[in-house]
Amino acid sequence: MNPPLPPPLPLPTLDNEEVPRVCNLLRTKTAFGSFTGTDAPPWQAGASTTAVFWCLATMTTAGPDDCYCHPQNCREGRGCFRGEE
């Protein structure tokens with residue numbers, strides 16, 4: 001018989017439920033829908049360990065500056081960042 005599985009790790013939480021501001025060109029499959037009634041952080045927090053992110057400018061996992069696409073990277077201050085227009 002297999003030993004029981006450990007309890008799942010808690011998801012990170014955001015203070016005041018703030019949604020981080022990420023580049024408008026950043027995409028992931030979870031950006032197109034959400035699970036209601038869960039305590040899961042928004043996709044912009046980058047908390048998922050399995051999500052794949054891509055840039056609409058390059059259509060790859062790297063942005064125009066050849067750095068990886070991820071909510072923690074694709075923020076204001078990055079050269080290719082595009083905010084709300």
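Here, the structure is the one placed above.
Treat the numbers as computed from the prediction; the structure is a model and nothing was measured.

**Structural notes on the overall build of the protein**
Line of reasoning, step 1. Scanning the protein from terminus to terminus reveals 0 helices and 2 strands.
Line of reasoning, step 2. Out of the 85 residues belonging to the protein, those deemed buried represent 25%.
Line of reasoning, step 3. The contacts in the protein between residues at least 6 apart in sequence include a share of 57% that link residues at least 24 apart.
Line of reasoning, step 4. On the protein, roughly 6,800 Å² of surface is accessible, and the fraction owed to carbon and sulfur atoms is 55%.

**Quick look at the nonpolar core**
Line of reasoning, step 1. With 9 residues, the main nonpolar core is built from Val-22, Cys-23, Leu-25, Leu-26, Phe-53, Cys-55, Cys-69, Cys-74 and Phe-81.
Line of reasoning, step 2. Those residues in contact with Cys-69 that lie beyond four places of it in its chain are Leu-26, Phe-53, Trp-54, Cys-55, Thr-60, Thr-61, Ala-62, Gly-63, Cys-74 and Arg-78.

**What to know about the side chain of Arg-78**
Line of reasoning, step 1. One can find Arg-78 in the segment after strand E2 (53–55).
Line of reasoning, step 2. Taking the relative accessible area as the measure of exposure, Arg-78 reaches 13% and is therefore buried.

**Concerning the pattern of salt bridges**
Line of reasoning, step 1. Scanning the model with the defined rule gives 2 salt bridges in all.
Line of reasoning, step 2. Glu-76 serves as the salt-bridge partner of Arg-21, at 2.9 Å between the closest nitrogen and oxygen. Within this pair, whereas Arg-21 is found in the segment before strand E1 (26–28), its partner Glu-76 is found in the segment after E2, the two being separated by 55 residues in sequence.
Line of reasoning, step 3. Residue class for Arg-21 comes out partly exposed when judged on its relative accessible area of 41%.
Line of reasoning, step 4. Among the ionic pairs, Asp-65 bridges to Arg-78, the shortest N-O distance being 2.7 Å. Taken together, the residues Asp-65 in the segment after E2 and Arg-78 in the segment after E2 connect sequence positions 13 residues apart.

**Some words on the environment of Cys-74**
Line of reasoning, step 1. Structurally, the position occupied by Cys-74 is in the segment after E2.
Line of reasoning, step 2. With a relative accessible area of 7%, Cys-74 lands in the buried category.
Line of reasoning, step 3. Each C-alpha atom of the pair Cys-74 and Asn-24 lies 9.0 Å from the other, and the pair is 50 residues apart in sequence.

**Concerning the state of the cysteines**
Line of reasoning, step 1. Following the criterion strictly, the structure yields 0 disulfides and no others.
Line of reasoning, step 2. Free of any disulfide, Cys-69 has its nearest neighbouring cysteine sulfur in Cys-74, separated by 4.7 Å.

**Digging into the side chain of Thr-28**
Line of reasoning, step 1. Within the secondary structure, Thr-28 sits in strand E1.
Line of reasoning, step 2. We classify Thr-28 as buried; its relative accessible area is 2%.
Line of reasoning, step 3. A distance of 2.9 Å separates a polar side-chain atom of Thr-28 from the backbone oxygen of Val-52.
Line of reasoning, step 4. Setting aside chain neighbours within four positions, we find Thr-28 in contact with Trp-43, Ala-51, Val-52, Phe-53 and Trp-54.

Rules of the game
Residues numbered from 1 in each chain as written. Predicted model: local features only at pLDDT ≥ 70, side-chain atom pairs only at ≥ 80, totals over all residues. Heavy atoms only, no water. Helix = DSSP H or I, 4+ residues; strand = E, 2+ residues; numbered from the N terminus. Buried < 20%, exposed > 50% of the residue type's maximum accessible area, 1.4 Å probe, protein only. Contact = heavy atoms within 4.5 Å. Areas by Shrake-Rupley, 256 points an atom, 1.4 Å probe, with all protein chains shown as cover. Core = buried A, V, L, I, M, F, W, Y, C linked by side-chain atoms within 4.5 Å. Salt bridge = Lys/Arg side-chain N within 4 Å of Asp/Glu carboxyl O. Disulfide = S-S within 2.5 Å. Polar contact = N/O pair within 3.5 Å; in protein donor to acceptor, adjacent residues only side chain to side chain.

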